[in-house]
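# Per-entry structural report
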Amino acid sequence: MADAYVVAEAGVEGARAAGDTALVTPTIGPDQGCELLEQRIVRYAPGRSAARRLDDRDDVLFVAAGRGTLVLDGEEHALRPDTGVFVAAGETAVVDNPGPDELVVVAVSAPASPEGPGPTRRVTVAFAEQPELRADEFRTFRYLVNQDAGCREVTQFLGIVQPSRAPDHSHTYDEVGYIVEGRGIAHVDGKRFPLAAGSCFHLPPGQVHCIENLGPGVMRILGVFHPSGDPASRSYDQEWPSVAT
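All figures in this text were calculated on a predicted structure; none of them were measured in a lab.

The calculated volume of the largest pocket comes to roughly 300 Å³. Lining the largest pocket are 26 residues, with R40, Y44, A50, R52 and A93 sitting closest to its centre. Residue assignment for the lining of the largest pocket shows that the elements contributing at least two residues are strand 2 (22-28), strand 3 (38-44), strand 5 (52-53), strand 6 (57-65) and strand 10 (92-97). By residue class, the composition of the lining of the largest pocket is 17 nonpolar, 1 polar and 8 charged.

Our next topic: the nonpolar core. V60 and L222 are the most contacted members of the largest nonpolar core, which totals 28 residues. Of all the elements in the fold, those that place two or more residues in this core are strand 6, strand 11 (103-111), strand 15 (155-161), strand 18 (174-181) and strand 23 (219-226). For V60, the residues in contact, after removing those within four places along its chain, are V85, F86, V106, A107, V108, V145, C151, V154, Q156 and V224.

When the pLDDT values of the protein are averaged, the result is 91; 93% of them are 70 or greater. Taken as a whole, residues 240-245 scores under 50 in pLDDT and shows 12 contacts with residues more than four places along the chain or in a different chain.

In this section: the sheet that holds strand 11. The 6 strands lie next to each other as 2-3-11-6-9-12, forming an open sheet whose pairing is antiparallel. Two strands bound the open sheet, and with one partner strand each, they are strand 2 and strand 12 (124-126). Going from strand to strand, the sheet's axes swing by 20 degrees on average, the running direction of each strand aside. Sheet topology places strand 3 next to strand 11; 7 bridges connect them, and they run antiparallel. For Q39, the partnering residue across the bridge sits in strand 11 and is V108.

What follows is about the environment of A112. With respect to the secondary-structure elements, A112 resides in the loop between strand 11 and strand 12. Along the sequence, A112 and G90 sit 22 residues apart, while their C-alpha atoms lie 9.7 Å from each other. With residues near it in sequence (within four places) discarded, A112 still touches D56, R57, D58, A89 and E153.

This paragraph deals with the sheet that holds strand 18. If you walk across this open sheet you meet the 7 strands as 1-21-18-23-15-14-13, and the pairing is antiparallel. Lying at the two open borders of the sheet, with one neighbouring strand each, are strand 1 (6-8) and strand 13 (133-136). Across the sheet, the mean angle from the axis of one strand to that of its neighbour is 25 degrees, orientation sign disregarded. Across 3 bridges, the pairing between strand 13 and strand 14 (residues 139-143) is antiparallel. From the neighbouring strand, L133 faces strand 14, where its bridge partner is F141.

Looking now at empty space enclosed by the protein. Inspection of every chain in the model, using the stated rule, returns 1 cavity of 30 Å³ or more. Reported here for the largest cavity is a volume of approximately 330 Å³. At the level of elements, strand 13, strand 14, strand 15, strand 21 (199-203) and strand 22 (209-213) are the ones that each hand at least two residues to the lining of the largest cavity. The element best represented in the lining of the largest cavity is strand 15, accounting for 4 residues. Split into classes, the residues belonging to the lining of the largest cavity amount to 11 nonpolar, 5 polar and 4 charged.

Our next topic: the pattern of salt bridges. The tally for this structure, following the rule as stated, stands at 10 salt bridges. D82 is paired through a salt bridge with R220; the nearest N and O atoms lie 2.9 Å apart. Of this pair, D82 sits in the loop between strand 8 (75-79) and strand 9 (83-87) while R220 sits in strand 23; the two residues are 138 residues apart in sequence, bridging distant segments of the chain. One salt-bridge network, in which partners are shared between bridges, spans E9, R43 and E102.

Our focus in this paragraph is unusual backbone geometry. Cis geometry marks the peptide bond from G99 to P100, where omega comes out at 0 degrees. As for its placement among the helices and strands, P100 is situated in the loop between strand 10 and strand 11. For the bond from G215 to P216, the omega torsion is 10 degrees, close enough to zero to count as cis. One non-glycine residue, D73, adopts positive backbone phi at about 50 degrees. As for its placement among the helices and strands, D73 is situated in the loop between strand 7 (68-72) and strand 8. When its relative accessible area of 51% is taken as the criterion, D73 is described as exposed.

Here is what the cut-offs are and how they apply
Residues numbered from 1 in each chain as written. Predicted model: local features only at pLDDT ≥ 70, side-chain atom pairs only at ≥ 80, totals over all residues. Heavy atoms only, no water. 1 Å grid on protein atoms, 1.4 Å probe; cavity = no way out; pocket = protein on both sides within 12 Å on 5 of 7 lines; lining within 4 Å. Points joined across faces, edges and corners; volume = space filled by probe spheres on them. Helix = DSSP H or I, 4+ residues; strand = E, 2+ residues; numbered from the N terminus. Nonpolar A, V, L, I, M, F, W, Y, C, P; charged D, E, K, R; others polar. Core = buried A, V, L, I, M, F, W, Y, C linked by side-chain atoms within 4.5 Å. Buried < 20%, exposed > 50% of the residue type's maximum accessible area, 1.4 Å probe, protein only. Contact = heavy atoms within 4.5 Å. pLDDT = per-residue confidence, 0-100. Pairing = 2+ DSSP bridges. Axes fitted to C-alpha atoms, helices over the stretch in contact; angles between N-to-C directions. Salt bridge = Lys/Arg side-chain N within 4 Å of Asp/Glu carboxyl O.

Okay, here's the thing in structure tokens:
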């Protein structure tokens, strides 16, 4: 894992197309060694955005701040903080921000399933309405967009981490993440990478790592991984220490 795999939004230059309200900052993608998933932070100024359509990739979004309306193929869906959003390949999306504040979205695109969305398709999934699941003694999570929402290829979840350091572990899937709240350290390959709100990261399949929450409060981490599955699953899992540090 190179330094470029942990990226601060503030360190990347964003771009706004002429006439668009969306300032798009690409944070993780092929240039950081992530071939399938592409993460970007989108900041919508007040007004109506230009239309966006991806023909062969699904887009999963997370509303980090602000409120507005997603107009998806002409149908309106409310956007609120801590909401996951599934925009399927071939759909046209427009975002209305009534202002006065920015609407901040963490977006990740991934190759779409040739079968299209599943029969349980949902466009928006609110964190508060999802059941809390436990990954371990110090970590819980809630699914947002996943197979239950008809997204066949990726899983989007929001994890809540108490002050602690997890054992080293790895996953079978390719993952990108975003620190919504809190501060800590990503331990990867014997190196320490500071994490704070707005930090973005990429963990390739099989990459041994752990996330440490330095506290004093919880750390909230948005994760998106491919292929879809269970964020609590491990391909390697060191035993928990007797005392969390």
